[in-house]
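Okay, here's what each chain looks like letter by letter:
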2 protein chains.
Amino acid sequence: MRKIIGRPGSAIGMSLRMGQCGFAAASIGVMVFTRGFTGYSAFCNLIASMGLQLLWSFGLTCLDFYALRRKRDLQNPVLLSLFVVGDWVTATLSLAAACSSAGVIVLYTRDLDACTVQSHLLCTKFQVAVVLSFLTWVLIAISSHVMFWILAST
Amino acid sequence: MRKIIGRPGSAIGMSLRMGQCGFAAASIGVMVFTRGFTGYSAFCNLIASMGLQLLWSFGLTCLDFYALRRKRDLQNPVLLSLFVVGDWVTATLSLAAACSSAGVIVLYTRDLDACTVQSHLLCTKFQVAVVLSFLTWVLIAISSHVMFWILAST
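What counts as what
Residues numbered from 1 in each chain as written. Chains lettered and ligands numbered in written order. Predicted model: local features only at pLDDT ≥ 70, side-chain atom pairs only at ≥ 80, totals over all residues. Heavy atoms only, no water. Axes fitted to C-alpha atoms, helices over the stretch in contact; angles between N-to-C directions. Helix = DSSP H or I, 4+ residues; strand = E, 2+ residues; numbered from the N terminus. Parallel < 35°, antiparallel > 145°, perpendicular 65-115°, else oblique. Left-handed = near helix turned anticlockwise from the far one by under 90°. Nonpolar A, V, L, I, M, F, W, Y, C, P; charged D, E, K, R; others polar. Contact = heavy atoms within 4.5 Å. Buried area = accessible area lost by both parts, 1.4 Å probe. Salt bridge = Lys/Arg side-chain N within 4 Å of Asp/Glu carboxyl O. Polar contact = N/O pair within 3.5 Å; in protein donor to acceptor, adjacent residues only side chain to side chain. Buried < 20%, exposed > 50% of the residue type's maximum accessible area, 1.4 Å probe, protein only. Expected span 1.5 Å × (residues − 1). Least-squares fit on C-alpha atoms with pLDDT ≥ 70 in both. 1 Å grid on protein atoms, 1.4 Å probe; cavity = no way out; pocket = protein on both sides within 12 Å on 5 of 7 lines; lining within 4 Å. Points joined across faces, edges and corners; volume = space filled by probe spheres on them. Disulfide = S-S within 2.5 Å.

K.L.:
Which residues make up the packing of helix α1 (residues 11-32) of chain B against helix α5 (residues 123-152) of chain B, and what are the values?
P.N.:
All names here are of chain B. Two numbers describe how α1 lies on α5: the axes approach to 8 Å, and their chain directions differ by 160°. With respect to each other, α1 and α5 are oriented roughly antiparallel. The hand of the α1/α5 crossing is left-handed. For the contact of α1 with α5, the residue count by class is 15 nonpolar, six polar and two charged.

Next comes the structure, spelled out in structure tokens:
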């Protein structure tokens, strides 16, 4: 097995997972505390996707922590296949949710110019939640590529 | 180099590229001939992304055709790296554009229920264009993973 930066059971790998947890939790937090989000399917979907991402990344953070403490090697083909599939599914869902929410926000801010007219839309908070979900996706995309590379190169 | 199904310079690889070209062209065609699409940034972005996808996939279809006719091997690390980067960028942009357009369509059809009220929105045509762009993404995602796997396993 190659020693690639960000591999499971390494400090950088765990940092990536912790970053995913942090940004996903922050995205959910900002969205949930923004009035009126329930009226938009895209924003509800963002919360669901970020929730799934949070659970997945938190589980893998704990696994990385355990591996670091006990000096265990997590790079066996069965575990790696599970990580690859899980990372790919959650990364795709995160990007899809972030983009669909971004599509709605662009529609309101740019196409309909509704954010300046209707202050109750609280566009800025929605934008912050979407930016946080994109940051989550960047980190899960890195983890996903590292896992896929390690699995393919075994 | 491994002989993986869908590799560059193979009949299946070329079929995947042709499928990407076909679905991307069909998505652009349906969107362009739907009245009122210019008022939505997400739909304009979909056309731009599908246009880029069409150009990229058409170029690689020609390259695959050339390799098949002349029995050339396209699996060298430099070419593969180029394919991996190009496929990943176009796949991500295609998914992002498809999802942002889908977000706008879901907003109109489900959240605002505007499609039954305002017939001029021509929602069905927009939906068809988005479904075609998702099919393009499925095919480019397969090509992208095949390229990444071959590059990583060399």
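K.L.:
Now, about the interface of chain B and chain A: what can you tell me, with residues and values included?
P.N.:
Each side of the interface is counted separately: chain B has 26 residues, and chain A has 26 residues. Here chain B meets chain A over a buried area of about 2,200 Å², counting both sides, of which 73% is carbon and sulfur. Area buried by chain B at its contact with chain A is led by F148, W149 and A152 of chain B, which between them contribute 24% of it. Inspection of the chain B/chain A interface yields zero salt bridges. Linking chain B to chain A there are four residue pairs in polar contact (both at pLDDT 80 or more). Breaking the side of chain B that touches chain A down by element, the ones donating at least two residues are α3 (77-111) and α5 of chain B. Ranked by residue count, the leading element in the side of chain B that touches chain A is α3 of chain B, at 13 residues.

K.L.:
Describe the packing of α1 of chain B against helix α2 (residues 41-70) of chain B, naming the residues involved and giving the relevant values.
P.N.:
Residues and elements named next belong to chain B. The N-to-C vectors of α1 and α2 enclose an angle of 150°; their axes lie 8 Å apart at closest approach. Our classification of the angle between α1 and α2 gives roughly antiparallel. For the element pair α1 and α2, the recorded crossing hand is left-handed. Residues that form the contact of α1 with α2 fall into these classes: 19 nonpolar, seven polar and two charged.

K.L.:
Hey, could you go over the pattern of salt bridges for me, with residue numbers and the actual values?
P.N.:
Residues and elements named next belong to chain A. Taken as a whole and assessed by the stated rule, the structure comprises two salt bridges over all chains. Where D87 meets R17, a salt bridge forms, and the shortest distance between an N and an O atom there is 2.9 Å. Within this pair, whereas D87 is found in helix α3 (residues 77-111), its partner R17 is found in helix α1 (residues 11-32), the two being separated by 70 residues in sequence. R17 matches D87 in its accessibility class, with the two residues each being buried.

K.L.:
I'd love a proper account of α1 of chain A, names of residues and values included.
P.N.:
Structurally, the α-helix is built with 3.6 residues per turn, so residues lying three or four positions apart point the same way. Between the first and last C-alpha of α1 of chain A there are 31 Å, a value that for 22 residues agrees with the 32 Å anticipated at 1.5 Å per step. Next to the buried residues of α1 of chain A lie α2 (41-70), α3 and α5 (123-152) of chain A.

K.L.:
Can you explain the relation of the copies chain B and chain A? Please cite residues and give values.
P.N.:
Here the second copy of the chain follows from the first by a rotation about an axis and a shift along it. Note on the identical chains: chain B maps onto chain A by a rotation of 180° and an axial translation of 0.0 Å, with an RMSD of 0.0 Å. Overall, the copies show the geometry of a two-fold rotation axis. Most of the interface of chain B is mirrored in chain A, where 100% of its interface residues again form contacts.

K.L.:
Give a detailed account of the layout of surface pockets, specifying residues and quantitative values.
P.N.:
Empty pockets left among the atoms are what a rolling probe the size of a water molecule brings to light. Space inside the largest pocket adds up to approximately 400 Å³. Looking at the largest pocket, it is lined by 22 residues, and the ones nearest its centre are W88, T92 and H145 of chain A together with W88 and H145 of chain B. Element by element, the count of residues in the lining of the largest pocket is highest for α3 of chain A, at seven residues. By residue class, the composition of the lining of the largest pocket is 16 nonpolar, six polar and no charged.

K.L.:
Tell me about the state of the cysteines, residues and numbers included.
P.N.:
All names here are of chain A. For the coordinates displayed, the defined rule picks out two disulfides over all chains. The disulfide partner of C115 is C123, and the gap between their sulfur atoms is 1.7 Å. One quick way to see it: the torsion about the S-S bond of C115 and C123 is about -80°, and its sign makes the bridge left-handed. No disulfide involves C62; its nearest neighbouring cysteine sulfur is the one of C21, lying 8.0 Å away. Residue C62 is classed as partly exposed on the basis of its relative accessible area of 38%.

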